[in-house]
Structures are given as C-alpha cells and as structure tokens.
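# Reading the structure
The lines below spell out each chain.
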Amino acid sequence: MSTWLIYALLSAFTAALVAIFGKVGLQNLDTNTATAIRAVIMALFLVGVVVLQGKVNLISEVLSNRKALLFILLSGVAGALSWLFYFLAIKHGKVSQVAPIDKLSVVFAVILAVILFGEKISLVAATGVALITVGALMVALG
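The present account deals with the structure reproduced in this document. Predicted model, so just to flag it, every value in this text is computed and none were measured.

Calculation criteria
- Residues numbered from 1 in each chain as written.
- Predicted model: local features only at pLDDT ≥ 70, side-chain atom pairs only at ≥ 80, totals over all residues.
- Heavy atoms only, no water.
- Helix = DSSP H or I, 4+ residues; strand = E, 2+ residues; numbered from the N terminus.
- Expected span 1.5 Å × (residues − 1).
- Core = buried A, V, L, I, M, F, W, Y, C linked by side-chain atoms within 4.5 Å.
- Buried < 20%, exposed > 50% of the residue type's maximum accessible area, 1.4 Å probe, protein only.
- Contact = heavy atoms within 4.5 Å.

Glancing now at helix α6 (residues 105–117). Counted at 1.5 Å a residue, the expected span for α6 with its 13 residues is 18 Å, and the 17 Å between its end C-alpha atoms agrees. Note on α6: the residue one or two positions beyond its end, G118, has a positive phi of about 70 degrees.

Okay, here's the thing in structure tokens:
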C-alpha cells in the first residue's frame, strides 16, 4: 500500500473522529467558542509536533516567504470558517447527514483545481466525482 494512501486513510478516520467527538462535546455549548478552543488545542499540539521533530528553525523560512504566508493565512481562514460551519451543522443536525455533505469538499476541490490550475481529469475521475456527489446526497438525504 502506498504511503500517501495510508496517510489519506488515517486523515479520513481522524476526520470522522472530529465529527463524533464534536457532536458529543457541543451539547449545550456555543459552537464558535468550542471551535476556538479546539483551534487553540490544535495549535498547541502542532507546535509540539514541530518541536519534537526539531523543525523550529524552519519557522523563519515560512514567515519570510510572503506569498506562501499569504496563502497559508487564507487557508487558515478558510479552514476556520469550515470548522465554524461544520460544528454548527453537527450541533443542529445528524452527523450521519452532515458528514457526507461535508465530503462534497472533494467535489469542490476537484472543480476548483480544474478551473484554477488547469488540472485535467480523466473520464473515470469525472465519473468518480459525479458518484461522490450522488453518494453524498443519497446518504445525507436518504
């Protein structure tokens, strides 16, 4: 099995845990406050990972690259908005409905990659994107 596939499956599994733990943790709480606390915990955890890996010296490299820093900032804002909306959705809805709709991010990412980066996708990949769309809607609305 390829390394990227193992990491992708671990990402999917841990993302599923976000939904489950979030649903339990959000009961009777403000979602924005809970999301902010989650972000602080994530930041501390990730700083710890960088420290343990001995990569603290690479922080200045990231900070000195203005273009990269701008897009990392935009990515952070987009991620924060995604979490805010996701936590609102799972607080007010069923995880079994919200999670599949959230996975439409795959569809949006492929469409944006084609439009913005000129990436080409095969007929098989386009069919897969269509199936993801239909499948997510069937699971969420069925």
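Resuming the write-up.
What follows concerns unusual backbone geometry. In the Ramachandran plot, N28 falls in the positive-phi region, its phi being about 65 degrees despite a non-glycine side chain. One can find N28 in the loop between α1 (3–25) and α2 (31–52).

Membership of the largest hydrophobic core is limited to eight residues, which are A19, L26, A34, Y86, F87, I90, V95 and V98. For this core, the elements supplying multiple residues, two or more each, are α4 (66–92) and α5 (95–102). By residue number, the principal contributor to this core is α4, which donates three residues. When residues no more than four places from it in sequence are discounted, the contact partners of V98 are Y86, A89, I90 and G93.

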